Amino acid sequence: MQLFFNPDIDETTQSFSFDKEESRHIIKVLRKKDSDILHVTNGKGILFETEITLASDNKCIVDVISITKSPEPKFRLHLAVAPTKMNDRFEWFLEKATEIGIQEITPIICDRSERKVVNLDRFEKIILSAMKQSNETFLPKLNEAVSFKEFIKQQNQGLQFIAHCEETDKKSLKETLKPNENVTLLIGPEGDFSEKEIKLAIENHYQPVTLGNTRLRTETAAVVACHSVVFFNETSN
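Bear in mind the structure is a predicted one, so any value in this text is a computation, not a measurement.

### Comments concerning the packing of aromatic side chains
Reasoning step 1: All told, the structure shown has five aromatic pairs when counted by the stated rule.
Reasoning step 2: Here the aromatic rings of Phe 90 and Phe 123 are separated by 5.1 Å at their centres, their planes lie at 35°, and the arrangement is tilted. Here the residue Phe 90 occupies a position in helix H2 (residues 87–100), and Phe 123 occupies one in helix H3 (residues 120–133), the gap between them amounting to 33 residues. Each of the two residues, Phe 90 as well as Phe 123, counts as buried.
Reasoning step 3: Between Phe 148 and Phe 193, the ring centres sit 5.4 Å apart and the planes meet at 55°, which makes this aromatic pair tilted. Of this pair, Phe 148 sits in helix H4 (residues 148–153) while Phe 193 is found in the loop between strand S12 (183–187) and helix H6 (195–203), placing the two residues 45 residues apart along the sequence. Grouping residues by exposure puts Phe 148 and Phe 193 together as buried.
Reasoning step 4: Through a chain of ring-to-ring contacts, the aromatic side chains of Phe 4, Phe 16 and Phe 18 assemble into a single cluster.

In structure tokens form, the structure reads like this:
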């Protein structure tokens, strides 16, 4: 199934048109025609089965035939991850986390961050592409980049973890997870979190955790954490 995206449609929508760029892609590239079926999501858990009523490369119009609602996730996974020095590594994380089933992502700027500016527009396109590729109907939320201190001040419901490499008292992530509990997890930059940041996180009720016995790159740690939380919840239900 090929999936298209339109954020402006909902359960009351009966007919809508794609923008010029998407219309051209549908008609000229994919060679769709009148009466062909297209599957569309609004990124909010709804799959629309639609039929083309006007196959124009300027304005492709479809009628909604049926609507399927996906069940809401029983938990929310929010990863706050320091942007990597090389953009393509962070983009790889965004793609894989979306495929696995993350709900929210926040880039955090840390004491040892080598990259402190991010291209949110590009990141959003990568997340959208990954959602469509994996036939998901929920689009993960991408937040503006914030400093570590700003993020720690935010109120996050559920379990809160910080994964770091310091030789301190830490538990394995899998030992601390609970079924169907929201999770907020911090992943640091290539040089890891500073001691000051780790202390501040613990003071704000973040539990120190380890993701395994090996030292992982930022993007690898983020994907491992994402998969661990999703897999734990899938096997616990």
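### Quick word on helix H1 (residues 20–29)
Reasoning step 1: Residues of H1 that are buried: Glu 22, Ser 23, Ile 26 and Ile 27. Looking straight down H1, one finds that the buried residues subtend no more than 115° of arc, so they occupy a single side. Projecting away from the buried face of H1 at angles above 90 degrees are the exposed residues Lys 20, Glu 21 and Val 29.
Reasoning step 2: The secondary structure elements touched by the buried residues of H1 are strand S1 (3–5), strand S3 (37–41), strand S4 (46–54) and H3.
Reasoning step 3: At the C-terminal side of H1, Arg 31 shows a positive phi close to 60°.

### Let's talk about the state of the cysteines
Reasoning step 1: A full pass over the atoms with the stated rule returns zero disulfides.
Reasoning step 2: The structure places no disulfide on Cys 110, whose sulfur is separated from the nearest cysteine sulfur, that of Cys 165, by 12 Å.

### Side note on the pairing of strand S10 (residues 159–163)
Reasoning step 1: Burial analysis of S10 places five of its five residues in the buried class, which makes it a mostly covered element.
Reasoning step 2: Side chains Leu 159, Phe 161 and Ala 163 project from S10 onto one buried face, and the interleaved Gln 160 and Ile 162 project onto a second face that is buried too.
Reasoning step 3: As defined by bridge partners, S10 adjoins S12 across five bridges and the pair is classed as parallel. Bridge pairing in S12 places Phe 161 opposite Leu 185.
Reasoning step 4: Here S10 pairs with strand S13 (residues 207–210) via three bridges, running parallel. What sits directly across from Ile 162, in S13, is Pro 208.

Conventions we followed
Note on numbering: residues in each chain are counted from 1, in written sequence order. Two thresholds apply to this predicted model, a pLDDT of at least 70 for residue-level local features and 80 or more for giving and counting side-chain atom pairs, whereas whole-chain, interface and lining totals are computed over all residues. Side-chain metrics in this entry use all non-hydrogen atoms of the structure; hydrogen atoms and water are not considered. Within 6.5 Å between ring centres, the rings of Phe, Tyr and Trp (the latter by its six-membered ring) count as paired, and their orientation is classed by plane angle as stacked under 30 degrees, edge-to-face over 60, tilted in between. Under the DSSP-based scheme used, a helix requires at least four consecutive residues in state H or I and a strand at least two consecutive residues in state E, with every element numbered from the N terminus. Burial here depends on accessible area, computed with a 1.4 Å probe over protein chains only, as a share of the maximum for the residue type. Under 20% is buried, over 50% is exposed, and the range in between is partly exposed. The directions from the helix axis to the C-beta atoms form the arc being described. By definition, residues are in contact when any of their heavy atoms lie within 4.5 Å. Cysteine sulfur atoms that come within 2.5 Å of each other are treated as a disulfide pair. In this scheme, strands are said to pair when DSSP sees at least two bridges between them.

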